[in-house]
Amino acid sequence: MTPSFLFVRPPRPLWPFNGPSTAFWPPLAFASLAAALREGVRDVGVEILDAPALRMGWRTLTREIHARRPAWVGIGEEAVSCVEGLRLARVAKDAGAAVVAGGCFFGHVAGEALRTGCIDVVVHGEGEQTIVELVQALQSGDRRDLARVAGISFADGEEIVTTPPRALLPDLDRLPLPAYDLLPVGRYGRGSRNHPNLAAIELGRGCVGACGFCVLWRQMGRAVGEGVMPQLRTTSPDRLLDEIRVLTRRFDRRYLAWVDPCFNADARVPGELAERLLREGTSIGQGAWLRGDCTVRDARSGALARLVAAGLNEVYLGVERPDADGLRALNKTATIDETREAFATLRRDYPHVFTVGSFIYGLQGDTPATVRAMYRFAGELGMDKTFFIPLAPLPGTAAWRPEFWDPTGERFREFDFLPSVGRHGQPADLGLALLSACAFDWTRERVRSNLARLLHRDARKRRMARHIFLRSTAFAASTLVRGLLGRDKVGGMVLPRWYES
Ligand code: B12
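For clarity, every value in this text was computed on a predicted model and none was experimentally measured.

Undergrad: An account of the environment of Gln139 is needed here, citing residue identities and associated values.
TA: As for its position among the elements, Gln139 is in helix α7 (residues 128-140). Counting along the chain gives 136 residues from Gln139 to Pro3, while the straight-line C-alpha distance between them is 9.2 Å. Here Gln139 is in contact with Val41, Arg42, Asp43, Val44 and Trp72, once residues within four sequence places are set aside.

Undergrad: Report on the nonpolar core, specifying residues and quantitative values.
TA: Within the largest apolar cluster, 82 residues are counted, with the highest numbers of intra-cluster contacts made by Phe5, Phe7, Ile131, Leu134, Trp258 and Phe359. Counting residues per element, this core draws most heavily on helix α1 (residues 28-40), at eight residues. Discounting residues that sit within four places of it in the chain, Phe5 has contacts with Leu37, Val44, Gly45, Val46, Glu47, Trp72, Val73, Gly74, Val100, Ile131 and Val135. Ranked by size, the runner-up nonpolar core spans 37 residues in total, among them Leu6, Ala89, Val99 and Ala392.

Undergrad: Help me get a handle on helix α14 (residues 336-349), residues and values and all.
TA: The terminal C-alpha atoms of α14 lie 20 Å apart, and with 14 residues this matches the ideal 20 Å at 1.5 Å per residue to within 8%. Here α14 has its buried residues at Ile336, Thr339, Ala342, Phe343, Thr345 and Leu346. Looking at the buried positions of α14, the neighbouring elements they touch are α11 (292-301), α12 (303-309), β15 (312-320), α13 (324-329), β16 (354-361) and α15 (368-381).

Undergrad: Tell me about the site of the ligand, and please be specific about residues and values.
TA: In the vicinity of the ligand there are 39 residues, among which Arg9, Ala79, Glu128, Gln219 and Val259 approach most closely. Ala79 is positioned such that a nitrogen or oxygen atom in its backbone is 2.7 Å from an oxygen atom of the ligand. One nitrogen or oxygen atom from the main chain of Gly127 is found 2.9 Å from an oxygen atom belonging to the ligand. Secondary-structure elements contributing two or more residues to the shell around the ligand are α1, β3 (72-75), α5 (103-106), α7 and α8 (216-219). Per-element accounting of the shell around the ligand gives the leading share, four residues, to α1.

Undergrad: Break down the packing of aromatic side chains for me, with residues and values.
TA: A complete count under the given rule lists 20 aromatic pairs for this structure. Seen in terms of ring centroids, Trp25 and Trp289 are 6.3 Å apart; in terms of plane orientation they differ by 45°. Their pairing is tilted. Here Trp289 lies in strand β14 (residues 285-290) and Trp25 lies in the loop between β1 (4-9) and α1, a separation of 264 residues in the sequence. On the accessibility criterion, Trp289 (35% relative accessible area) is partly exposed. Look at Tyr180 and Phe251: their rings are 5.7 Å apart centre to centre, the planes differ by 40°, and that puts the pair in the tilted class. Highlighted residues: Tyr180 in the loop between β7 (159-162) and β8 (198-201) and Phe251 in the loop between α9 (237-250) and β13 (255-258), separated in sequence by 71 residues.

Undergrad: Kindly report on the packing of helix α17 (residues 444-454) against helix α18 (residues 459-484), identifying the contributing residues and their values.
TA: Following both chains from N to C, one finds α17 and α18 inclined at 125°, their axes separated by 7 Å at the closest point. It follows from the interaxial angle that α17 and α18 lie oblique. Within the contact between the two elements, α17 uses Asn450, Arg453 and Leu454 and α18 uses Lys461, Arg462, Ala465, Arg466 and Phe469. Among the residues forming the contact of α17 with α18, the class breakdown is three nonpolar, one polar and four charged.

Criteria and cut-off values
Residues numbered from 1 in each chain as written. Predicted model: local features only at pLDDT ≥ 70, side-chain atom pairs only at ≥ 80, totals over all residues. Heavy atoms only, no water. Helix = DSSP H or I, 4+ residues; strand = E, 2+ residues; numbered from the N terminus. Contact = heavy atoms within 4.5 Å. Core = buried A, V, L, I, M, F, W, Y, C linked by side-chain atoms within 4.5 Å. Buried < 20%, exposed > 50% of the residue type's maximum accessible area, 1.4 Å probe, protein only. Expected span 1.5 Å × (residues − 1). Near = heavy atom within 4 Å. Polar contact = N/O pair within 3.5 Å; in protein donor to acceptor, adjacent residues only side chain to side chain. Phe/Tyr/Trp six-rings, centres within 6.5 Å; stacked < 30°, edge-to-face > 60°. Axes fitted to C-alpha atoms, helices over the stretch in contact; angles between N-to-C directions. Parallel < 35°, antiparallel > 145°, perpendicular 65-115°, else oblique. Nonpolar A, V, L, I, M, F, W, Y, C, P; charged D, E, K, R; others polar.

Function cannot be inferred from these measures alone, as they are strictly geometric.
Okay, structure coming up:
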């Protein structure tokens, strides 16, 4: 029988602001790794099982893994789903598979994860070349071959062996197209009006910034000595156009959700791609994370106008802090003036674009007054939705400490990027100040701007505003009540009904 490599995304709690049809995006990492494996290794079957997209709970998933009997199972989680990652690893081992873990969480807690005994190999950083060489080494059956694969860690008796870092791929155009054919494509964005038939797609990898709280520039960074430097790589407009044609024509995708940490970091590629799309007569809805300074630059060059004309209708900007000192503490280099100008331009010139700004609180020295000031500042910038994120000491970032590791994974439930009142690890007074401001600080300007959004003439913006307003209000109210009653121990993620089914 041909051995198979099975990538699995296990059941998990949902982020409370997402609707059920868009809570799960196509797992692009698995699609890209699967495509590389298919191209690079012979005599291995490659499969992806995306349980949440199929609304498959743990009982069915466990049966399915036992029935498929894969030789290897690939896992990769956000920190918040560490519990599920480890549970999946145990299920896979019970079914006789070797477990390979990777991604932005496991790659930064390799030793700890390997010591749980349920993970066999951890892949660090970019995975396509590594997974090909790793599977070849595992196929050979000679453990010495493992040590020759760059960019991995594995246990050798009591010792954790980490091989030299893997160099970044020099040319992203040479990656095979992600294996969308292995995914239940029809499930993503099905029935969604705001993100219909969504596809996940990347313009490039890495970032120009090196923000202290972020793991993404490290995940796709360039190894230098013992450390890592930010490195931005982009795919060419030609290749992106090919990918979009395949996504829209073969897979009937109608919304492009760009996964880049910073979609507009490069001054040339996004604008050129938009121009090519427009020349083809294609306009397709798109959402992306942008930098404020690059948005200002692109507004001046005309690239932003082309992007919006080609369909960009939802943008996320990391504002992070209202003060220069706070930005410096986070090593964030886009300035407040640039971010202010970016929101003002978007509001004035592209009023139908739905804008989101995110802030980080919980830095040393933050008080309820700081958080209230942050809340008012967000109102001044005039974005359509604000996310206030408690600083999470993510593995791989400067704030992580090895003693935070919890082999049950439960502690990582707090890494949900959600404000809370009184949960262990998050300053309760800051969460309380923030949520109280959300619930009770209704200035005349706030009432006016909310009404303007809820009654906006653009139907999509109106729907987005209503959807977010209802979900945010429900979240703030329930978190406040649970917090004040001392019951906010489980975090703000929502367990879907089918979780154990
Ligand atoms: C799409 C996305 C979402 C979507 C869909 C999530 C879903 N579950 O379907 C939405 C918007 C709903 C979302 C929600 C959340 N997300 Co999210 N999300 C992403 C995003 C933007 C893209 C992921 C992606 O496709 N990347 C592209 C692939 C190609 O890159 P990659 O994942 O790094 O994979 C490469 C390597 O890492 C490696 N690799 C990865 N996995 C594996 C596995 C194996 C076996 C191997 C060998 C290699 C390997 O190889 C790959 C190819 O080179 C990332 C940021 C980012 N750009 O990665 C955040 C990110 C993963 N999310 C994050 C977080 C925190 C969340 C939330 C908790 C809060 C939030 N909203 O931000 C919720 C949790 C939701 C949930 N329960 O699942 C964090 C995770 C940080 C961490 N270390 O835990 C990230 C990194 C963003 C960030 N701000 O730091 N998210």
